[in-house]
Amino acid sequence: MDLSRYSLQDLVVTALKSEWESREVYTQAAEMVENALLKDRLRFLAQEEDKHRLFFEKLYRKLFVGQELHLPEKSPVPLPEIAFQESSVRLSTLFTSAMTAEKAAEEFYRAMAKLFTAGSEEQNTLEYFASMEKGHYRLLEVERDEAERAEDYEIEWPMIHVGP
């Protein structure tokens, strides 16, 4: 991912916005599901995103001393967002969308890490976050596969129970 055309401030703001929005989606999804284990996993993901957000807030204050932080309506760097309409989305669709966003976040953080001094706290943390996003992707992949299997049972075929 080439980030050379973006300012460091835009990159940090994008990371903040992405983490904030992801946390909100995972929190809403956790409220929507009834399965206690899945609810816990979604809450876990929301908490992870919140921890990342706190790092980026701290980084913003460190790099841009005295500048007030404002999250824009639209991220300066185009990253995939998690598509979520609470009442109408199938879980498998939500998880697939979230997987795309987690994969993009992994690539974004790896590219962003290269902008910092080798071995610095910022670079190491961004590399660690990239690895965590990869883990989130895998967790969501398992849940998506399970959701697809469960959703398949709900498929109705007209006339399937009609006898000869």
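What you see is a predicted model; the values in this text were computed from it and never measured. All chains use their own residue numbering, which begins from 1 and follows the written sequence. The predicted origin of the model limits local features to residues at a pLDDT of at least 70 and limits the giving and counting of side-chain atom pairs to 80 or more, whereas totals for whole chains, interfaces and linings rest on all residues. With hydrogens and water set aside, each side-chain value is computed from the structure's full complement of heavy atoms.

**Q** Please clarify how the overall build of the chain should be interpreted in this entry.
**A** In terms of helices and strands, the chain carries 4 helices and 0 strands. Along its sequence from the N terminus, the chain presents helices and strands in the succession α-α-α-α. By the burial criterion, 44% of the 164 residues in the chain qualify as buried. For this analysis, residues touch if any pair of their heavy atoms sits within 4.5 Å. Put simply, 77% of the contacts in the chain that link residues at least 6 apart link residues at least 24 apart. Every accessible area reported is derived by Shrake-Rupley at a probe size of 1.4 Å, with residue values counting cover from the shown protein chains alone. Taken as a whole, the chain presents about 10000 Å² of accessible surface, with 51% of it coming from carbon and sulfur. Here a strand is any run of E in DSSP of at least two residues, a helix any run of H or I of at least four, and the numbering for each starts at the N terminus. In this scheme, a residue with accessible area under 20% of its type's maximum is buried, one over 50% is exposed, and one in between is partly exposed, where area comes from a 1.4 Å probe on protein chains only.

**Q** Even after reading the chapter, I still don't get helix H3 (residues 91-113), so can you show me in this structure?
**A** Structurally, the α-helix is built with 3.6 residues per turn, so residues lying three or four positions apart point the same way. Multiplying one less than the number of residues by 1.5 Å gives the expected span of a helix. Between its first and last C-alpha, H3 extends 32 Å over 23 residues, near the 33 Å set by a 1.5 Å rise per residue. Judged by how many residues are buried, H3 sits mostly within the fold: 17 of 23 residues are covered.

**Q** Whenever I open this one, the environment of asparagine 124 confuses me. Can you help?
**A** Mapped onto the elements of the fold, asparagine 124 is located in helix H4 (residues 121-152). As a C-alpha pair, asparagine 124 and lysine 114 span 10 residues in sequence and 9.9 Å in three-dimensional space. N or O atoms within 3.5 Å of each other form a polar contact, as long as, within protein, one can give a hydrogen and the other can take it, and as long as residues adjacent in sequence are counted only when both atoms are side-chain atoms. Side-chain polar atoms of asparagine 124 contact the backbone oxygen of glycine 119, separated by 3.2 Å.

**Q** I tried to follow the packing of aromatic side chains on my own but got confused; where do I start?
**A** Two descriptors summarise a pair of aromatic rings, namely the distance from one centre to the other and the angle between the planes of the rings. What counts as a ring pair is set by centres within 6.5 Å for rings of Phe, Tyr and Trp (its six-membered ring), and what kind of pair is set by the plane angle: stacked under 30 degrees, edge-to-face over 60, tilted for all other angles. If you walk through the whole model with that rule in mind, you get 7 aromatic pairs. Ring geometry for phenylalanine 108 against tyrosine 109: centres 5.6 Å apart, planes inclined by 50°, an arrangement best described as tilted. Of the two residues, phenylalanine 108 and tyrosine 109, neither departs from the other in class, the shared state being buried. Three or more aromatic residues joined by ring pairs make a cluster, and in this case those are Phe55, Phe56, Phe108, Tyr109 and Phe129.

**Q** Could you clarify how one ought to interpret the side chain of lysine 39 in this entry?
**A** Residue placement: lysine 39 occurs in helix H2 (residues 36-63). The charged-residue count follows a simple rule in which Lys and Arg add positive charge and Asp and Glu add negative charge, with His and chain termini not counted at all. Here a salt bridge means any side-chain nitrogen of Lys or Arg lying within 4 Å of a carboxyl oxygen belonging to Asp or Glu. For the buried lysine 39, no salt bridge exists, and the shortest N-O distance to an oppositely charged side chain is 8.0 Å, to aspartate 40. Setting aside residues no more than four positions away along its own chain, lysine 39 makes contact with Ala30, Glu31 and Val33.

**Q** Could you clarify how one ought to interpret the environment of lysine 39 in this entry?
**A** For lysine 39, a relative accessible area of 17% translates into the label buried. Considering only alpha carbons, one finds lysine 39 and tyrosine 26, 13 residues apart in sequence, at a separation of 9.2 Å. Among the polar contacts listed, one links the side chain of lysine 39 to the backbone oxygen of alanine 30, at a separation of 2.7 Å.

**Q** Sorry if this is basic, but what is going on with the packing of helix H1 (residues 8-32) against H2 here?
**A** The relative placement of two packed helices comes down to the angle between their axes together with the axis-to-axis distance. Under this scheme, a helix contributes an axis fitted over its contacting stretch, all axes are lines through C-alpha atoms, and angles between N-to-C directions fall in the 0 to 180 degree range. Running from N to C, H1 and H2 cross one another at 160°; their axes reach a closest spacing of 8 Å. Judged by the angle between their axes, H1 and H2 are roughly antiparallel. For the pair H1 and H2, the sense of crossing is left-handed. Among the residues making up the contact of H1 with H2, the classes are represented as 16 nonpolar, 4 polar and 9 charged. Put simply, angles under 35 degrees are roughly parallel, angles over 145 are roughly antiparallel, angles from 65 to 115 are roughly perpendicular, and the rest are oblique. Put simply, a crossing is left-handed when the front helix is turned counterclockwise from the back one by less than a right angle, and right-handed when it is turned clockwise. The residue classification treats Ala, Val, Leu, Ile, Met, Phe, Trp, Tyr, Cys and Pro as nonpolar and Asp, Glu, Lys and Arg as charged. All others, Gly included, are polar.

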